[in-house]
Amino acid sequence: MYVDLMQLKGWLIKMATTNILIVGVGGQGTLLTSRIIGNLAMDLGYDVKMSEVHGMSQRGGSVVTHVKFGDKVFSPLIEIGTADIIIAFEQLEALRWSHYLSDTGTIIVNEQKIAPLPVILGNEQYPTDVIDKVKDRSFKCIAIDALKIARNLGNDRVLNTVLLGVLAKQLEMPVEGWLDAVEENVPPKTIAINKRAFKEGYNQ
Amino acid sequence: MKELLLGNEAIARGAYEAGVKVATAYPGTPSTEITECIAKHDDIYAEWSPNEKVALEVAIGSAIGGGRAIVSMKHVGLNVAADPLFTVAYTGINAGLVIVVADDPGMHSSQNEQNTRYYGKAANIPILEPSDSQEAKDFVILAFDISEEYDTPVIIRMTTRVSHSQSIVEICKPQGQKLKEYKKDISKYVMMPAMAKARHIIVEDRMNRLADDSNNMSINEVETNDRSVGIITSGISYQYVKEVLPNASILKLGMVYPFPDRLIREFASTVDRLYVVEELEPFIEEHVKSMGIETASDNLFSIQGELSGNTIYSKITGKQPNVKSAANVPGRPPVLCPGCPHRGVYYMIKKLRLHAAGDIGCYTLGALPPLEGIDTCICMGASIGMVHGIEKARGRDDTKSWIGVIGDSTFIHSGITGLIDIVYNKGISTVAILDNSTTGMTGHQDHPATGKTIKGEPAPVLNLVELISAIGIEHIEVVDPYDITKVETVLKKEVERDEPSVIIFSRPCALLTKEKSRPFAVDKSKCRHCNMCMDLACPAITRDENTISIDKTLCNGCGVCADVCRFNAIERLVD
């Protein structure tokens, strides 16, 4: 089962620790994404640490999950300026957390917009040209309408697996190990659609 | 076998491997998952207790009765449980007793950032501090051994970043613990003055032995490296230090109270500059300085908030890490969910220009604009006592513009006694119980009025109306909070009364209701842009330039917005 994972390990070993920051809006399903990545890295024999947000922020607030893996990981938190990859589930959140990206980092942005309360109330404007601003602040930016892809597949909630597919492609690795990890971590009834979502993201 | 576990899950695993018989808790971020995970083990009795004091008392009963017990709470929960805490330190235990307390530096989901370490010192109870999930599990097992060896309760202090970070844990087989024999011993377990005086001598002796032995405990560990910088640290701060100052020499304290003085003195003498790196108040630092040892970290770190690797690096090296500044973007505070049953009540409190003494839960979010439905939030249950105090200070007429607002779980936790006070002392306050049939903010835990135990088994349902009636409240109304008109008339009627009253706004949390009603939409030809619906702060309703619209994927069909619209411009969508 993990034949391809050994190739993946060969790639991963080139890096000290890999730091992946996952940001979004409470309720978007960021936790599942981090758990799939974390479990995959652990199965490969790497030390893994992840940090999550529970409690009040989950009520529609800005949420962030840190995922770090490597030979030895100490702090579970990614420091500002040291994220290798940021996966942003929402445009504004991409911009909010963009200073966490390293000088050579990649940011993957779901183009979805969710207005925060100050914007809903008309006290502030949702910024314009957010994707362009994120591009200006990052070494590499991949923008994708993951919600549309998920919706076309028939379930909005698999947008996180679409984004996971985009991430897997950035790690330039064969899909099989990832697909096993997806299968192990999603509800049994949704395995098929999540696998399709992963492949859609991977093939973007 | 290895597993990725949250710090809280690792605590639960440790409890299982240590052969715990009884596990208790009241939910509270960041501690909640501990007891949720323990409850999955069929052979451990687990419960949601009505509050932390009861939870600790149940655990003490188990421990003195001969079964290992673990009780978990957030930092402010320990204030509630402080009464039994200070005296169980005198009685000691029989089987092991471990008290897990999760602090929240940075206040991710709390009303203060108090430091549990001071409780250990004040109550004469040893405190262990894990720095990752493996340690969380190992320290639980060690804590039970220390508890039984020294006949003392042991506190394990977690923080948000340890509780809610996942790291790899080696899974082992459970030890299997037999019930210990129970022997009646009133000199040990009945704390009346004569016995307590004798026990206090034992407490002092025990803490002296523990302090002495802590110099040889393997969890207090020296890592010798470059001797120009030595750092004493513990918990999550240790991980930050290892990340940014890998060459520093370190004394890592796994037990932060009592202190290993000999170890500290030896470590201090081998390094050129000594720093103490810890979050919140300088608990370790104060002790080190009291020993006459000079530190370079005096007033170096703030007592507020969390540390980070970057902060530690820049404070100790004097070099600023090369970091980008954050983009300037609108904030995204948490909000009440679409369909939240609290929304209409707050809308009406504001419309009627009432003041409200509030309480702890999701409904605290109702303080923020535009709902602005509560004036105060202090602690669990405070709303009821406070509204009574406001009446007694300001007089009855003024009280008619005030109500108390409290959730169902919070009312059971510590609101009942406040209500008894109002009746007994002839108050006239009105209390609104926002009954959403769950403990909402912490992620939907059951409580005595939900009809289910922590294990999902059916349980007797606490009848709030009968309870409140038995307290002596004669005017009790039960209102569906989606029925805005009724909310308004009942609120108006009850605050005017010259007798105490309770309104129970009863409707399950919108996140618990799987079936949504048909969503609503704005009829743009009828909308006059008066913005009345915007005052509900519903995440499903947005305004773009001059157009107000409802996101039908977010709308849960509660219909409160349609009821507040004066122009009938909001209508339910039909198939």
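Shown above is the structure to which this text applies.
Throughout this description, residue numbers start from 1 for each chain and increase along the sequence as written. Ligands are numbered from 1 and chains lettered from A, in the order in which they are written. Totals for whole chains, interfaces and linings use all residues, but because this is a predicted model, local features are given only for residues with pLDDT of at least 70 and pairs of side-chain atoms are given and counted only at 80 or more. Note that water and hydrogens are dropped before the side-chain values are worked out from all heavy atoms of the structure.

Structural notes on empty space enclosed by the protein
Whether a set of points on the 1 Å grid over the protein atoms alone is a cavity depends on a 1.4 Å probe fitting there but being unable to get out, while an open set qualifies as a pocket with protein on both sides within 12 Å along at least five of seven lines; lining residues are those with an atom within 4 Å of a point. Grid points are joined across faces, edges and corners, and a volume is the space filled by probe spheres set on the points. A full pass over the atoms with the stated rule returns 11 cavities of 30 Å³ or more. Volume-wise, the largest cavity comes out at about 100 Å³. When residue character is reported, Ala, Val, Leu, Ile, Met, Phe, Trp, Tyr, Cys and Pro are called nonpolar, Asp, Glu, Lys and Arg charged, and the others, Gly included, polar. In terms of residue class, the lining of the largest cavity is made up of 11 nonpolar, 4 polar and 1 charged.

Re the pairing of strand 18 (residues 501-506) of chain B
On a regular strand, one side chain projects to one face of the sheet and the next to the other, so that they alternate. The cut-offs for exposure are 20% and 50% of the maximum accessible area for each residue type, with area from a 1.4 Å probe on protein chains only; residues under the lower value are buried, those over the upper are exposed, and the others partly exposed. Numbering goes from the N terminus for both helices and strands, where a helix is a DSSP run of H or I of at least four residues and a strand is a run of E of at least two. Counting buried positions along strand 18 of chain B gives 5 out of 6 residues, so the element sits mostly inside the fold. This β-α-β element, strand 17 (residues 475-479) of chain B to helix 20 (residues 484-496) of chain B to strand 18 of chain B, shows right-handed connectivity. By the criterion used throughout, a crossover qualifies as right-handed when its path from the first strand across the helix to the second strand runs clockwise, the strands pointing away from the viewer.

Regarding helix 16 (residues 382-394) of chain B
All names here are of chain B. Relative to the 18 Å expected for 13 residues at 1.5 Å per residue, helix 16 spans 18 Å between its end C-alpha atoms, a close match to the ideal helical length. Within helix 16, burial applies to Ala382, Ser383, Ile384, Val387, His388, Ile390 and Glu391. Packed against the buried residues of helix 16 are strand 14 (355-357), helix 17 (396-399), strand 15 (402-407), helix 18 (408-424) and strand 16 (430-435). What a helix should span is 1.5 Å times the count of its residues minus one. The contact definition used throughout considers only heavy atoms, calling two residues in contact when any of these lie within 4.5 Å.

Focus: helix 20 of chain B
Residue and element names in this part refer to chain B. With 13 residues, helix 20 extends 19 Å from end C-alpha to end C-alpha; this agrees with the ideal 18 Å at 1.5 Å per step. Taken together, the buried positions of helix 20 are Ile484, Val487, Glu488, Val490, Leu491, Glu494 and Val495. Packing partners of the buried residues in helix 20 comprise helix 15 (343-351), strand 15, strand 16, strand 17, strand 18 and helix 21 (560-564).

Considering unusual backbone geometry
Residue and element names in this part refer to chain B. With an omega dihedral of -5°, the bond running from tyrosine 257 to proline 258 counts as a cis peptide bond. Topologically, proline 258 is positioned in the loop between strand 12 (255-257) and helix 12 (261-270). Omega for the bond connecting proline 369 with proline 370 falls within 30 degrees of zero, at 5°, which places this linkage in the cis form. Mapping proline 370 onto the fold places it in the loop between strand 14 and helix 16. Positive phi, normally seen in glycine, also occurs at glutamate 372, with a value near 45°. Relative to the helices and strands, glutamate 372 resides in the loop between strand 14 and helix 16.

Here's the deal with the interface of chain B and chain A
At the interface, 53 residues of chain B touch 51 residues of chain A. Values labelled buried area give the accessible surface lost by two parts on being combined, using a 1.4 Å probe and summing over both. When chain B packs against chain A, close to 4400 Å² is buried across both sides, 59% of that on carbon and sulfur atoms. Three residues stand out in chain B for area buried against chain A, namely Lys324(B), Pro330(B) and Arg332(B), and they jointly supply 19% of the buried area on that side. Between Lys or Arg on one side and Asp or Glu on the other, a salt bridge is scored when a side-chain nitrogen of the former is within 4 Å of a carboxyl oxygen of the latter. The interface formed by chain B and chain A includes 4 salt bridges. Between Arg332(B) and Glu90(A) there is a salt bridge, with the nearest N and O atoms lying 3.1 Å from each other. Two N or O atoms form a polar contact when they lie within 3.5 Å of each other; inside protein one atom must be a possible hydrogen donor and the other a possible acceptor, and for residues adjacent in sequence the pair counts only when both atoms belong to side chains. On the surface where chain B and chain A come into contact, there are 17 residue pairs in polar contact (both at pLDDT 80 or more). Those elements giving two or more residues to the side of chain B that touches chain A turn out to be strand 1 (2-6), strand 8 (165-170), helix 11 (235-244), helix 14 (309-317) and strand 20 (541-544) of chain B.

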